[in-house]
Amino acid sequence: MTSNPGGISQSNTGQMSGGMQAAIGNNNQQNMQAQTVPAQKALTQEDVLKLLGEIQQILQGSTLPEDIKQKASNRLGAVVDEVQQKEPDKQLAAGNLKRMTETLEDASKTLNAGQGLVEKVQPILVQLLSWLNVAKSFFGL
C-alpha cells in the first residue's frame, strides 16, 4: 500500500456482500472484511420428489372427505409427474402445487376436517420455493 498522509486508504477482501468499515488514527486506513453466509443446499429432483411424497402422506392421513382428498391428490400427482420429467416445467409444477394448496385452504375454511392441514404442508412448501423459482407469497405464505 502506498503512503497517503492525512488521507484515507481502503482495501477490500472477499466478496462485496457486506461488512464493516472503521477509520482510526491519523492515516485513516480502512479495511473491509466481507461476511459470507453459507448458501442453502440446492434441492435435487430426488429431494423434491421426497418432499412431495411427504405432502402425499399428509393428505392420505387427513380426515378430509374423499372427494376433496382426491382432488388435492390429483393436483399433487400432476406436480409429481412434471417433476419427474427430464426437464421439468417448474412454472407448471408451481401452478399445480398452488392449486392443490388452494384446495386445502378452501377445505380448512369450510370443514373442520381440513383445519391444521395447511399448517402441516406449509413447511414443505417453503423448502420447495427455491427449486420452483417462486416467492413465498406465491403460495400465500
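Just so we're clear, the structure is a prediction, and the values are computed from it rather than from any experiment.

*Asks:* Got a minute to help me understand the pattern of salt bridges in this structure?
*Replies:* Pairs can form between side chains of opposite charge whenever their charged atoms are close. According to the stated counting rule, one finds 1 salt bridge in the structure shown. Measuring nitrogen to oxygen at the nearest pair gives 3.6 Å for the salt bridge that ties K69 to E66. Residue K69 and its partner E66 are both found in helix α2 (residues 66-83); the two are separated by 3 residues, about one turn of the helix.

*Asks:* I'm lost on the nonpolar core in this one. Help?
*Replies:* Note that soluble globular proteins tend to have their nonpolar side chains buried in a common cluster. In terms of nonpolar packing, the biggest core is built from 26 residues, with L52, I55, L97, M100 and L104 touching the most fellow members. Going through the elements one at a time, α1 (45-60), α2, α3 (90-110) and α4 (117-132) are the ones with two or more residues in this core. Sequence-distant contacts of L97, defined by excluding residues within four places in its chain, comprise L52, I55, L76, V79, L125, L128, L132 and F139.

*Asks:* Mind showing me how you'd approach the confidence of the model for the protein here?
*Replies:* Detail in the predicted coordinates should be disregarded across regions flagged by low pLDDT. Mean pLDDT over the protein works out to 78, with 68% of the residues at or above the 70 mark. Low pLDDT, under 50, characterises residues 12-23; the stretch is placed with 27 contacts to residues that sit more than four places away or in other chains. A low-confidence stretch, residues 32-39 stays under pLDDT 50, and its non-local contacts, those more than four residues away or across chains, total 20 contacts.

*Asks:* Would you mind showing me how to read the packing of α1 against α2 here?
*Replies:* Orientation of α1 relative to α2, taken along the N-to-C sense of each, is 170°, at an axis distance of 10 Å. Relative to α2, the element α1 lies roughly antiparallel. Residues Q45, V48, L49, L52, I55, Q56, L59 and Q60 of α1 pack against K69, A72, S73, L76, V79, V80 and V83 of α2.

*Asks:* Looking at this structure, how should I read the side chain of K69?
*Replies:* When its relative accessible area of 8% is taken as the criterion, K69 is described as buried. If we skip the residues at most four places from it in the chain, K69 touches L59, Q60, S62 and L64.

*Asks:* I would appreciate a short explanation of the packing of α1 against α4 in the present structure.
*Replies:* A pair of packed helices can be characterised by two numbers: the angle between their axes and the separation between those axes. The contact between α1 and α4 brings their axes to 10 Å, and the two run at 170°. In terms of orientation, α1 and α4 fall into the roughly antiparallel class. Residue-level contacts link Q45, V48, L51, L52, E54, I55, I58 and L59 of α1 to L117, K120, V121, I124, L125, Q127, L128 and W131 of α4. Residue classes in the contact of α1 with α4 are distributed as 12 nonpolar, 2 polar and 2 charged.

Cut-off values and rules
Residues numbered from 1 in each chain as written. Predicted model: local features only at pLDDT ≥ 70, side-chain atom pairs only at ≥ 80, totals over all residues. Heavy atoms only, no water. Salt bridge = Lys/Arg side-chain N within 4 Å of Asp/Glu carboxyl O. Helix = DSSP H or I, 4+ residues; strand = E, 2+ residues; numbered from the N terminus. Core = buried A, V, L, I, M, F, W, Y, C linked by side-chain atoms within 4.5 Å. Buried < 20%, exposed > 50% of the residue type's maximum accessible area, 1.4 Å probe, protein only. Contact = heavy atoms within 4.5 Å. pLDDT = per-residue confidence, 0-100. Axes fitted to C-alpha atoms, helices over the stretch in contact; angles between N-to-C directions. Parallel < 35°, antiparallel > 145°, perpendicular 65-115°, else oblique. Nonpolar A, V, L, I, M, F, W, Y, C, P; charged D, E, K, R; others polar.

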